[in-house]
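# Structural overview
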Amino acid sequence: MPCRLSELYTDVTAALGGIVEFPRREAELLLIAYLQKDQLYFITHQDALIDENDPKLIEWIEKRKANVPLEYLTNRVSFYSREFYIDEGALIPRPETEHLIDEVLARVSTDEVITVVEVGVGSGIISIMLALHLPYTRFIAVDISPRALAVARRNIEAFGLSARIELREGNLLSCVDEKIDFLVSNPPYIAHDASLESNLSYEPQNALFGGTVGDEIIQRLLAEVYVRKIPSFVCEMGYDQRQKVQEYLKPFAVQSLEFYKDLASFDRGFSLKVNHE
Ligand SMILES: C[S@@+](CC[C@H](N)C(=O)[O-])C[C@H]1O[C@@H](n2cnc3c(N)ncnc32)[C@H](O)[C@@H]1O
């Protein structure tokens, strides 16, 4: 039975009430994505007739009620003002990771010809955004998950960057023999036993959990900086991992170590420079 968009909006908002944090906003986003329209259409076509029994619409509402992230239903995610493809094979990009992009861009000039390696490419958002800003930089982007690499490949192709971002399947830097000028990573950094919101259970677990303590992969990457003589490393981390990073680096020579915060003023990452002479 067709019903008006305004009625459907009310019904979907009610269905999501008590489940998601902002039911009205989520209902709007879900319906805009389902209708494949924009917000202007949504506002100006509240009288449009919609088939409320369409199986795809019902499936989306049911899945959202079960806390499946909206991004996995729509296969769309926004990051750094650009739109990317996303599915359950890769972590949904988080707004705080935009700071990591800014930290790297503050340290590399647009005319530099260097090799940047990203560990844990996921959906590809970091390497893609950096490649768009750094036209002469070559990227090698690694992930241990073939499913994540498939998502990254799709996005890299959509942005026409296949010639500049080389994807490799591997564990950390095991598949990279080249000299690395700049290492970037948003690694998994949550402790295995951390209690998390239920919507996170739909995301790839190896994208979230970094080990028993949480910072194990960060420590392994820090070790690689010294073994592989990598001059620069920018890395996202958990809000409570600053002290551990400082402690780990105590025995090593450090040119500079700067921490950056996210919009909520939590420590969110660091930039390390090392002169390996
Ligand atoms: C937190 S997600 C980051 C994804 C993406 N870069 C982003 O910022 O949205 C971490 C990624 O690291 C990958 N990963 C986990 N362990 C790894 C390992 N040992 N070597 C390479 N990649 C790994 C996961 O598959 C996942 O895609």
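Residues numbered from 1 in each chain as written. Predicted model: local features only at pLDDT ≥ 70, side-chain atom pairs only at ≥ 80, totals over all residues.

### A word on the overall build of the protein
In plain terms, the rule: Here a strand is any run of E in DSSP of at least two residues, a helix any run of H or I of at least four, and the numbering for each starts at the N terminus. Exposure classification rests on a simple neighbour count of other C-beta atoms within 10 Å of a residue's own: a residue reaching 20 or more is buried, one at 12 or fewer is exposed, and one in between is partly exposed. C-beta atoms are placed from the backbone. Any residue pair is listed as a contact if its two C-beta atoms, each placed from the backbone, are within 7 Å.
In terms of helices and strands, the protein carries eleven helices and 13 strands. Its C-alpha atoms give the protein principal-axis dimensions of roughly 75 × 40 × 30 Å. Buried positions account for 32% of the 277 residues belonging to the protein. A sequence separation of at least 24 residues applies to 64% of the contacts in the protein between residues at least 6 apart.

### Let's talk about the sheet that holds strand S8 (residues 182-185)
Note the cut-off: Strand pairing is defined by DSSP finding a minimum of two bridges between the two strands. All axes here are fitted lines through C-alpha atoms, helices being fitted over the stretch that makes contact, and every angle between N-to-C directions spans 0 to 180 degrees.
Pairing in this open sheet of seven strands is mixed, and the strands run S7-S6-S5-S8-S11-S13-S12 from one edge to the other. Each edge of the sheet is formed by a strand with only one pairing partner; in this case those strands are strand S7 (165-169) and strand S12 (256-261). Averaged over all pairs of adjacent strands, the angle between their axes in this sheet comes to 15°, without regard to strand direction. With five bridges connecting them, strand S11 (residues 232-236) and strand S13 (residues 267-273) associate as antiparallel partners.

### So, the environment of Val-121
Here Val-121 is to be found in the loop between strand S5 (115-119) and helix H7 (125-133). By the C-beta count within 10 Å, which is 31 here, Val-121 ends up buried. Each C-alpha atom of the pair Val-121 and Leu-172 lies 11 Å from the other, and the pair is 51 residues apart in sequence. Residues within four places of Val-121 in sequence aside, it is in contact with Ser-127, Ala-141, Val-142, Asp-143, Ala-148, Ala-152 and Leu-167.

### A word on the nonpolar core
The nonpolar side chains of a soluble globular protein tend to be buried, and buried together. Rules: Joining buried Ala, Val, Leu, Ile, Met, Phe, Trp, Tyr and Cys residues through C-beta atoms within 7 Å gives a set, and that set is a nonpolar core.
Ranked by internal contacts, the top residues of the largest apolar core, which has 54 residues, are Val-117, Leu-130, Ala-141, Ala-152, Leu-183, Val-184 and Val-225. Tallying contributions element by element places H7 first for this core, with six residues. Beyond its immediate stretch of four places on either side in the chain, Val-117 contacts Ile-140, Val-142, Leu-173, Val-176, Ile-180 and Leu-183. Among the nonpolar cores identified, the runner-up in size contains ten residues, and Val-12, Ala-27, Leu-30 and Leu-31 belong to it.

### A few points about helix H10 (residues 216-227)
Because an α-helix completes one turn every 3.6 residues, residues spaced three or four positions apart along the sequence face the same direction. What counts is decided by this rule: Helices are assigned an expected span. That span is 1.5 Å times one less than the residue count. Directions drawn from the helix axis to the C-beta atoms are what define this arc.
With twelve residues, H10 should reach 16 Å at 1.5 Å per residue; the first-to-last C-alpha distance of 17 Å fits that figure. Inspection of H10 places Ile-218, Leu-221, Leu-222, Glu-224 and Val-225 among the buried residues, and these make up the whole buried set. Projected down its long axis, H10 carries its buried residues within an arc of 155°, all on one side. In this structure, the buried residues of H10 make contact with S5, S8, strand S10 (209-211), S11, helix H11 (242-249) and S13. Phi turns positive, to about 50°, at Lys-229, one or two residues after H10.

### Here we look at the pairing of S12
Where S12 lies against S13, six bridges are found, and the strand directions are antiparallel. Across the sheet, Ser-256 pairs through a bridge with Lys-273, a residue of S13. Connecting S12 to the antiparallel partner S13 that follows it, the hairpin turn spans five residues, and Ser-265 within it adopts a positive phi of roughly 70°.

### Description of the site of the ligand
Note the cut-off: To decide whether a residue is near a molecule or strand, its C-beta atom is placed from the backbone and checked for lying within 6 Å of it. All residues other than Ala, Val, Leu, Ile, Met, Phe, Trp, Tyr, Cys, Pro, Asp, Glu, Lys and Arg, Gly among them, are scored as polar; the first ten of these are nonpolar and the last four charged.
Neighbouring the ligand are 24 residues; Gly-120, Gly-122, Ser-145, Asn-186 and Ala-207 lie closest to it. Elements with a contribution of two residues or more to the shell around the ligand: H7, strand S6 (138-143) and helix H9 (205-208). In the shell around the ligand, the residues fall into 15 nonpolar, eight polar and one charged.

### Let's talk about helix H8 (residues 146-158)
Over its 13 residues, H8 extends 18 Å from the first C-alpha to the last, a length consistent with the 18 Å expected when each residue adds 1.5 Å. The complete set of buried residues in H8 reads Ala-148, Leu-149, Val-151, Ala-152, Asn-155 and Ile-156. Each buried residue of H8 lies within a common arc of 160° when the element is viewed along its axis, so the set occupies one face. Looking one or two residues past H8, Gly-160 carries a phi angle of roughly 65°, positive in sign.

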